[in-house]
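Residue-level structure breakdown
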Amino acid sequence: MATIKLYLDTRANAAGTPAPVKIALNMHGDTVMQSTGIKIMPDQWDKKSCKVVKHPQKQILNTMLASRLNEWEMALLKLMETGEARNARSASELKRKIIETITPKDTEEVAGDFFTHYIKYASSRRTSGTREAYRQTLRRMEAFDKDIRTRTFEDINKRWLTDFEAFMSQTAHSANARAFHFRNIRAVFNDALDEEITTAYPFRKFKIRREATAKRSLTVEQLRTLATFPCEEYQKQYRDIFMLMFYLIGVNAVDLFKSKRDAVSDGRFEYIRSKTYKPYSIKIEPEAKVLLEKYKGKEHLISVMDTRRDYKAYLHRMNDALKRIGDVSVCNPKGKKAYKPLFPKISQYWCRHSWATIAASLEIPKETIAAALGHGGNTVTDIYIDFDRRKVDEANRRVIDWVLYGKK
């Protein structure tokens with residue numbers, strides 16, 4: 001009398017954005033759906049097998065989806081055995097009975113819809129780093145509100161957010177750290193609105209406050225100094241990788257270090273951004289080509305990753321080495337060195353900020369800069385720039401020419 005299956009709902013899906021995977025319940029030709037909290041790109045879904053494909057976490061996602069589907073199937077079977085399924089007058093009523101069946105009946109503590117959806121949304125994030133970020137926010141909410149597990153979306157109102165902000169202020173959280181947690185909460189609300197789980201939205205009245213972040217970019221003169229400075233031998237590789245990242249438009253470290261040899265095709269660096277899962281293409285300029293050849297790996301694009309599993313340890317050493325570049329003197333008879341660093345706060349993030357700052361100084365349109373950095377949504381301008389990569393290629397060439405050769 002009723003069937004249940006997984007379904008990728010692309011009906012209201014904008015081009016280039018992930019679509020929600022839902023449980024579809026069909027009863028006598030009437031179909032209703034329930035979100036699983038998981039979103040993927042349309043080309044990452046196999047309609048025939050109803051499974052996730054071509055996704056770096058496909059095994060985890062398919063396990064989660066199989067578990068959720070099994071939960072619904074077992075609930076339907078239980079309702080059929082008790083005869084309650086036959087009494088349902090519509091698919092919507094049967095759906096409600098299934099949800100009631102699988103929802104814990106602990107009267108002392110029943111999870112509220114905000115907490116339930118927060119956990120589902122956080123668990124569905126693609127990267128472990130993002131999932132951990134949501135866990136950090138949850139720990140802060142639990143420290144503030146002992147009843148957070150029973151909260152509904154309506155409970156998380158402007159007053160709750162204001163009190164939560166005051167609580168975090170007392171525990172030495174900066175405005176930007178507080179904004180980090182509020183953005184995570186807001187993302188859960190936005191997803192719940194999209195899934196039609198709630199109509200509550202406190203962020204219409206509650207504004208997320210931020211402070212200006214410290215400078216994280218080098219000037220043209222400073223970049224020229226860094227590129228040619230006679231640094232110590234062990235620092236040269238780290239400086240080269242920093243400059244390579246700059247020549248590749250401030251590419252994110254994870255995307256560079258995890259790329260394989262086949263990421264280079266027809267003179268371009270082609271990859272899927274780990275942060276957004278969108279395809280990206282960068283023209284390899286001659287300066288970048290020299291460094292790619294110098295550090296060419298056997299399996300990976302960069303040789304330093306051929307013998308490592310985790311790029312983060314290398315990145316940590318790289319940041320330490322960059323911070324030490326500068327004048328060096330021997331300060332005692334045992335040969336201990338004293339460093340006078342050029343840029344004591346520099347890190348690999350600076351190449352990305354530096355590229356954007358220098359591009360802006362050359363009056364390169366902000367839309368082109370945004371496209372070059374992999375930002376942007378689905379406006380006509382963004383789509384046009386994605387289609388015409390020539391503008392981004394020209395922008396990168398102009399930035400490199402100005403930094404290395406003084407040519408505007």
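Keep in mind it's a predicted model, so treat the numbers as computed, not measured.

Positionally, Lys407 belongs in the segment after helix H16 (390–405). The exposure class of Lys407 is partly exposed, given its relative accessible area of 49%. Excluding residues that lie within four positions of it along the chain, Lys407 makes contacts with Arg398, Asp401 and Trp402.

In space, the three strands of this open sheet follow the order S1-S2-S3, with antiparallel pairing throughout. Unpaired on one side and paired on the other, strand S1 (2–8) and strand S3 (30–40) mark the two borders of the sheet. The average angle at which neighbouring strand axes cross in this sheet is 20°, direction not considered. Inspection of the sheet shows strand S2 (residues 19–27) paired to S3 by nine bridges, in the antiparallel sense. Bridge pairing links Leu25 to Val32 in S3.

Glancing now at the pairing of S2. Extensive coverage of S2 is indicated by the burial of eight of its nine residues. From the end of S2 to the start of S3, which pair antiparallel, there are two residues, and His28 there has a positive phi angle of about 55°.

Moving on: the environment of Ala143. In this fold, Ala143 is placed in helix H5 (residues 128–144). Residue Ala143 is classed as partly exposed on the basis of its relative accessible area, which comes to 47%. It is 9.3 Å that separates the C-alpha atoms of Ala143 and Phe167, two residues lying 24 residues apart in sequence.

Another point: the packing of helix H9 (residues 233–247) against helix H13 (residues 349–361). Viewed as axis vectors pointing N to C, H9 and H13 meet at an angle of 40°, and their least axial separation amounts to 9 Å. With respect to H13, the element H9 is oriented oblique. Along this stretch, H9 crosses H13, giving a crossing that reads as right-handed. Residues Phe242, Met245 and Phe246 of H9 form the contact with H13, whose participating residues are Trp350, Cys351, Ser354, Trp355 and Ile358.

The subject of this paragraph is the pattern of salt bridges. Where charged atoms from two side chains of opposite charge approach closely, those side chains can pair. In total, this model carries 24 salt bridges according to the counting rule given. Here Glu233 and Lys236 are joined by a salt bridge, their closest N and O atoms 3.2 Å apart. Here the residue Glu233 and the residue Lys236 both occupy positions in helix H9, the gap between them amounting to three residues, near one helical turn. What makes Glu233 exposed here is its relative accessible area of 62%. Here Lys236 falls in the partly exposed class, since its relative accessible area comes to 32%. Glu299 serves as the salt-bridge partner of Lys260, at 3.1 Å between the closest nitrogen and oxygen. Of this pair, Lys260 sits in the loop between helix H10 (253–257) and strand S6 (264–265) while Glu299 is found in the loop between helix H11 (286–294) and helix H12 (311–324), placing the two residues 39 residues apart along the sequence. Taking relative accessible area as the criterion, Glu299 reaches 45% and is therefore assigned partly exposed. Each of the salt bridges in this network shares a partner with another, and the network as a whole consists of Glu285, Glu287, Arg397 and Asp401.

Cut-offs applied
- Residues numbered from 1 in each chain as written.
- Predicted model: local features only at pLDDT ≥ 70, side-chain atom pairs only at ≥ 80, totals over all residues.
- Heavy atoms only, no water.
- Helix = DSSP H or I, 4+ residues; strand = E, 2+ residues; numbered from the N terminus.
- Buried < 20%, exposed > 50% of the residue type's maximum accessible area, 1.4 Å probe, protein only.
- Contact = heavy atoms within 4.5 Å.
- Pairing = 2+ DSSP bridges.
- Axes fitted to C-alpha atoms, helices over the stretch in contact; angles between N-to-C directions.
- Parallel < 35°, antiparallel > 145°, perpendicular 65-115°, else oblique.
- Left-handed = near helix turned anticlockwise from the far one by under 90°.
- Salt bridge = Lys/Arg side-chain N within 4 Å of Asp/Glu carboxyl O.

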